[in-house]
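Spelled out from the first residue to the last, the chains are:
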2 protein chains.
Amino acid sequence: MLLSKSCVYGLRASLYLAGHQSENYIPIRQMSDKLEISFHFLTKILQQLTSAGILESYKGPNGGVRLIRSGEDVTLMEVVLAIDGDYMLTQCALGLPGCGVMKPCPIHEKWAETRDKIRDMLESTTLTELAKKGKDLDLRITAEGGFEDL
Amino acid sequence: MLLSKSCVYGLRASLYLAGHQSENYIPIRQMSDKLEISFHFLTKILQQLTSAGILESYKGPNGGVRLIRSGEDVTLMEVVLAIDGDYMLTQCALGLPGCGVMKPCPIHEKWAETRDKIRDMLESTTLTELAKKGKDLDLRITAEGGFEDL
DNA sequence: AGGTTTTAAGACTCTTTAATCTTAATATAA
DNA sequence: TTATATTAAGATTAAAGAGTCTTAAAACCT
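What you see is a predicted model; the values in this text were computed from it and never measured.

Draft legend 1. Here's a closer look at the interface of chain B and chain A. Counting from both sides, the interface comprises 40 residues of chain B and, opposite them, 40 residues of chain A. When chain B packs against chain A, close to 3600 Å² is buried across both sides, 69% of that on carbon and sulfur atoms. Sorting the residues of chain B by area buried against chain A places Pro106, Lys110 and Arg140 of chain B first, and these three jointly supply 20% of that buried surface. For glutamate 129 of chain A, the salt bridge goes to lysine 110 of chain B, with nearest N and O atoms at 3.1 Å.

Below you can see the structure in the form of C-alpha cells.
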C-alpha cells in the first residue's frame, strides 16, 4: 500500500478541516462521526499533525483542532511526511540500503523518476484546492455521500 | 511502503534468475544464500511466481526454479501483480470504495495520473533489461557487492 | 528398494500496524 | 467549585505482514 491507513485518515481529516475552515476549532468527535473513523484512532493521528505544526488544538468546551495556516498553504506532502515520513520517497525499490546515484541498483534510475512524479504531485497539491473541488463538484471524502453532507 | 517485502524479494530473485538465464534450474537454496533472504520465506514467494506462470520448478537433485519465458518478455509488472496484486494500481488515495470516474474523490484525477506513471514504468521494464544493466555496470541486487558476485 | 536432494505445504511465532479502552489533563461555564 | 466537554497519553487488544520450523512429496542416484 502506498500510504498507510493512518495517513489516508489524516488526509481525509485534513480535507475536512480545509472544507470547514473558520476561526473555530472543530471537535474531533464531530470529524470521527462524519468521516466514520474511530474517534481514538483519529485523535492520535491528529496529534501527529498537531505536533508537526500543521494543526493546532484546544481543550475543553468549544475546543477541537484547526489548521494553523490556511489550507491554501498546506500541501498533501506535508501531511504525508508528518504521518508516514519520507520512507516512500527515499526507499530503494529493491530495499537496498544506501541506494543512490553512487551505489545504485538496476531499478534505481527509473524508480527515482517515478518517485519524483509522486513527489511533484504531493507537493503541488494543496488542501484548499482539493476541498474547493470537493465542494464545487460535491465529491466525497467518505464512503457514502458527498462533501455537502459533512 | 509501495511494495511489500515479499514483492521486493520476488523482484530481486527474478532479476537473479534473469541474470543467470540458462536451461538449468537454479536451486532456491543458492538464491537464498546469495541474496541473503530466508530460504523458507523465499520458497513461498517463488511458489507464488510459479503458480502465476512466471517460473517453473523442478524437484529433486539438479532441481530448482527458472523463468518459463525469456526474461526479455517478463515485465516488473507481472512480478508485482503476482505477489502484491493490483491493489496499488487501483486503490483510491483516500481509501474510498468504488472511487473512479463515476464516483471520484477530490484526489482521484491527480492520483490516477500519478498511478499511471508507476504503471507505465512497471510495464515497460523487463527483467532482462535490468539484469543486463546490472551485469554491464556491476550494480547490486544485494546489500553488499555487485552483480558479478552472484 | 533405500537414501539423498530438492520443492511444496502447512503450522507456528514474531513484529508491525491498526484499533480500542482507560485514565489523566485542561478548559469552560453554571 | 463542581460538573461537563474536550484533547492527551498510555495500556491493551486485534489483525496483518514477515519470518521460521516441521513434515510431506517428488525426483534422482546407487
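Draft legend 2. Representation of the protein's contact with DNA strand D in the model. Neighbouring DNA strand D are 25 residues, the closest being Ile28 and Ser57 of chain A together with Ser38, Phe41 and Tyr58 of chain B. Sugar and phosphate atoms constitute 69% of the interface atoms of DNA strand D, taking the interface as everything within 4 Å of the protein. Here a base oxygen of DNA strand D and a side-chain polar atom of histidine 40 of chain B are 3.4 Å apart. Interatomic distance of 3.0 Å between a side-chain N/O atom of lysine 44 of chain B and a base oxygen of DNA strand D. Looking at the surface near DNA strand D residue by residue, the classes come out as nine nonpolar, eleven polar and five charged.

Draft legend 3. View of the state of the cysteines. In the structure shown here, the tally under the stated rule is zero disulfides over all chains. Cysteine 105 of chain A forms no disulfide, and the closest cysteine sulfur to it belongs to cysteine 92 of chain A, at a distance of 3.7 Å. Cysteine 7 of chain B carries a free sulfur, and the closest cysteine sulfur to it, the one in cysteine 92 of chain A, is 13 Å from it. With relative accessibility at 0%, the residue cysteine 7 of chain B sits in the buried group.

What counts, and at which threshold
- Residues numbered from 1 in each chain as written.
- Chains lettered and ligands numbered in written order.
- Predicted model: local features only at pLDDT ≥ 70, side-chain atom pairs only at ≥ 80, totals over all residues.
- Heavy atoms only, no water.
- Contact = heavy atoms within 4.5 Å.
- Buried area = accessible area lost by both parts, 1.4 Å probe.
- Salt bridge = Lys/Arg side-chain N within 4 Å of Asp/Glu carboxyl O.
- Near = heavy atom within 4 Å.
- Polar contact = N/O pair within 3.5 Å; in protein donor to acceptor, adjacent residues only side chain to side chain.
- Nonpolar A, V, L, I, M, F, W, Y, C, P; charged D, E, K, R; others polar.
- Disulfide = S-S within 2.5 Å.
- Buried < 20%, exposed > 50% of the residue type's maximum accessible area, 1.4 Å probe, protein only.

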